[in-house]
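Observations on the model geometry
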Amino acid sequence: MCVLSAHFTLAQTLVINEISSENFSNSFDEDGDSSDWFEVYNYGDNDVQLENWGVSDDLEEPFKWVFPEVEIEADEILVVWASGKDRVEGELHTNFSLDAESESLVIVNAEGDVIDEVVEFSCTEDRSWGRLPDGEQWRTLENVSWGSSNEINDVAFSSEGSGFYEEGFELSLNSVMGDEIYYTLNGEEPGIGDILYEGPISIYDRDGDPNHFCNFPTTPDFETGYPIWEDPEVLLDKATVLRFCTFRDGVKTGRVETRTFFIDDEFTLPVLSIVSNEEGLFSDETGIYVPGNSFNPDELYSSGNYFKRGENWEREAHIDMFNVDGEHVLESDCGIRIHGGYSRISSLKSMKFYARSEYGDKYFDYQLMPQSENDRYKRFMIRTPMSDWGNTVIKDELSHVICEDLDFPNLNSQPVVVFLNGEYWGVLSIRDRIDKYYLEYEEGADRDSVNLVLGGWGLFPEEGSADEMLDLRDWIESNGLVEDENLEYVETIMDVDNYIDYCITQMFVANYDWPGNNVRLWSPTNGEGRWRWIFYDIDGGFGNHKTNMFEHCMEDDPEVVWPNSAHSTFMFRHLITNEGFVERFTERWASVLLNDFSTSRLLSLTSEVKNKYTLEMSQHIERWKYPESVEQWENEVDNTLADFFEKRPCVIEEQIIEFFNLEHFKFSCEDMPEIGTLLLFPSPNYGNFQVLNNSFATIRGDLVITDLSGATVFKKTQVYLDGFQTYSISSNNLSPGMYILNFRGLDFNQGLKFVVE
């Protein structure tokens, strides 16, 4: 009994000290492989025999691999390769390997007593998860220390975290190992030539500090067709960006830590702070945000640093995101690139964000956009409003909102206020990036088994192959689609219902930059799904409400490249030769016009999207001088967009009847509710319904519901409804029957009958 007790006591001096499950180049086993590994450290004064001890990545199966006769001496570190090679001679290799993140690791003695366990860990590329100091607290280690002490590392801390603060304060820095700490306040990664931390740092409201980053011209200094860079001429809002790191004898011992502090600031949108070295953003040689040395005025729409692509033009960055309540919800080291087509030449640019193990976390673990349940992103983007063919700012975002219930994948969104290196940068919109990861969370695809094809002027695979669709086009060319059995064959390869909804939406919004551009479609490679079209980039829509997209999609001239090449119109032109398709197509049009694209719904949704931006537009316009004024922006949304939504359904009705020579169409714009009235839906209902102010004006008054005898059964006083705003009513006290809802205001009165079932 005493022997067992002594053995167990000695065993308590053993710990798992370091884990590397993302080993790419930090160490190699006897075969030259960069296998996973972990260390066992004996911090005691006595040697410990490990024979018949167990180690496992499964807490339920602790003896998955058993140690041979091996002894670990006092103050010794033993390396075990978690390679799956199962070796006990020479180097020790377990019969399992480790996942990169969120896996357990346990060591038990011969009797099965747990000596040490790690319930969850996370490693990134060529970094390890280890105890610092040795044998103590688990941390991410910047410097992998295979077979040796972890104390070549250090980790720095700040007394306060990134966030919003009502007033300034003094910030302290410290480190685990007591190394020197150097820091910067300009977004640069710190080095030993920067500020040595010697005492508390004053964090204050920097709004009065001079502008800096906005002074870099981000476009050529002549008209380009897109908004050009201009000096904002006002002091911008600013945050304090602090970056700090530990050094020992001039050598970096830890990771660069980044904090963003807002003092006495408040925003009505979430805030995204981006921090990156100035040179990689704005220098003529390597800056991704400027014309730079790559710009050639004779190649305006293809030259300039901002048109460069690929990993050579990806810059390391740190991001912090704060929700609308100011809570710090995301931080990550990542890569950033410029995104877009011709919009790269606008002064405010779209950007892509890449989570990579080499930077830190492999994913952005946060629900970036409220419309999606996805809370793990590999990539995302922020989209500039300057790609809008007009001045609405919200055109593309709105186009996705209005068709959220239709049968195609579209892009989720979240407008955010952006700060770049602590300087106000404007309002952009977080969006999905269309790639295999997007298809995984949005369409339920296996991301490693997808075809993703760029269309328009051809079919070009971004993932997988376009061969099946190319073969289908050849088959259609040879066989036609007049016969129903031919259409049935096509439906085995492409999702025709998806294509119908996709075309209806593109046509309704009159997207002139389509179908010869901005086309993507996808399919699984395992043969268990059909090709589906993805809806995106509608900046060229909502222009002339009289645009005839049916004729637009009939272009067959092989010389036409844009906006409606013969290649891009091929599928539509052939499908409408089939009478059954035309019937399905026109019936679906009628349903969508009556429901999804009813003028009342579209105006209501426009108001909702606009309201997200309203309180932030003044500052955004001061920064970028786009749109020209808040008044111009409101006019574009309240009048230009509204005019399009009011007139477009009637135009579509006329065009469909004429184009397809229909005797009857199941939609009439004359039956649409008159603008300026109050609407109630649904009716009949079960006591739960909504009232819509179907007008541009704000109305206020009392909302009263009576039964047919005149008795009041519900009353709500001082109800305020903005233009196209809805008011929800839920009353379980209404028994089945007919009721009258009256809205009684100073300037507006209306009564509506409805039925409760």
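Residues numbered from 1 in each chain as written. Predicted model: local features only at pLDDT ≥ 70, side-chain atom pairs only at ≥ 80, totals over all residues. Heavy atoms only, no water.

What follows concerns the confidence of the model for the protein. Averaged over all residues, the pLDDT of the protein equals 93, while 98% of them reach at least 70. The model gives residues 1-10 a pLDDT under 50, and that stretch makes 10 contacts with residues more than four places away or in other chains. (pLDDT = per-residue confidence, 0-100. Contact = heavy atoms within 4.5 Å.)

We now examine the packing of helix α11 (residues 599-614) against helix α13 (residues 630-660). It is the contact of α11 with α13, at a shortest axis distance of 10 Å, that shows an interaxial angle of 165 degrees. Taken together, α11 and α13 sit at an angle that is classed as roughly antiparallel. Judged by the twist between their axes, the crossing of α11 over α13 is right-handed. Touching Thr599, Leu602, Leu603, Thr606, Lys610, Tyr613 and Thr614 of α11 are Trp633, Glu634, Val637, Asp638, Leu641, Ala642, Phe645, Glu646 and Pro649, all from α13. Class assignment of the residues belonging to the contact of α11 with α13 gives a composition of nine nonpolar, three polar and four charged. (Axes fitted to C-alpha atoms, helices over the stretch in contact; angles between N-to-C directions. Helix = DSSP H or I, 4+ residues; strand = E, 2+ residues; numbered from the N terminus. Parallel < 35°, antiparallel > 145°, perpendicular 65-115°, else oblique. Left-handed = near helix turned anticlockwise from the far one by under 90°. Nonpolar A, V, L, I, M, F, W, Y, C, P; charged D, E, K, R; others polar.)

Moving on, we come to the pairing of strand β22 (residues 271-275). Of all five residues in β22, five are buried, a share of seventy percent or more. Covered by surrounding structure in β22 are Val271, Ser273 and Val275 together with Leu272 and Ile274, the residues of both alternating faces. With five bridges connecting them, β22 and strand β23 (residues 315-322) associate as antiparallel partners. Residue pairing in the sheet places Val275 in a bridge with His318 of β23. Note: β22 against strand β27 (residues 413-420), four bridges, orientation parallel. Along β27, the bridge assignment pairs Leu272 with Val418. (Buried < 20%, exposed > 50% of the residue type's maximum accessible area, 1.4 Å probe, protein only. Pairing = 2+ DSSP bridges.)

This part covers the sheet that holds strand β30 (residues 460-463). A sheet is described by the order of its strands in space; here four strands give the open sequence β30-β29-β31-β32, paired in antiparallel fashion. In the strand order of this sheet, the two ends are held by β30 and β32 (532-534), each with one partner. Adjacent strand axes in the sheet meet at a mean angle of 35 degrees when their direction is disregarded. In the sheet, strand β29 (residues 450-455) pairs with β30 via three bridges, with the strands oriented antiparallel. Looking across to β30, one finds that Val453 is bridged to Pro461. The sheet strands contacting helix α7 (residues 496-508) are β31 (519-524) and β32, and the helix crosses β32 at an angle near 25 degrees.

Pairs may arise between side chains of opposite charge once their charged atoms sit close together. This model, assessed by the stated rule, comprises 39 salt bridges. Among the salt bridges present, the one from Asp33 reaches Lys85, with a minimum N-O distance of 2.7 Å. Taken together, the residues span a long stretch of sequence, with Asp33 in the loop between β1 (14-20) and β2 (36-42) and Lys85 in the loop between β7 (76-82) and β8 (105-108) at a distance of 52 residues. In this structure, Asp435 engages Arg433 in a salt bridge whose closest nitrogen and oxygen atoms are separated by 3.2 Å. For Asp435, a relative accessible area of 4% gives the class buried. (Salt bridge = Lys/Arg side-chain N within 4 Å of Asp/Glu carboxyl O.)

Further remarks concern unusual backbone geometry. Cis geometry marks the peptide bond from Tyr626 to Pro627, where omega comes out at -15 degrees. One can find Pro627 in the loop between α12 (617-624) and α13. A cis amide bond links Ser683 with the next residue in sequence, Pro684, at an omega value of 5 degrees. Tracing the backbone through its elements, the reader meets Pro684 in the loop between β33 (677-681) and β34 (688-694). Even without a glycine there, the phi angle at Asp264 is positive, about 55 degrees. Tracing the chain through its elements places Asp264 in the loop between β21 (257-263) and β22.

With that out of the way, let us pick up the sheet that holds strand β35 (residues 699-707). Read across the open sheet, the four strands follow the order β36-β35-β38-β39; overall the sheet is antiparallel. Where the open sheet ends on each side, the last strands, each with one partner, are β36 (712-721) and β39 (749-756). The average undirected angle you get between the axes of adjacent strands in this sheet is 20 degrees. With seven bridges connecting them, β35 and β36 associate as antiparallel partners. If you follow Arg700 over to β36, its bridge partner there is Tyr720.

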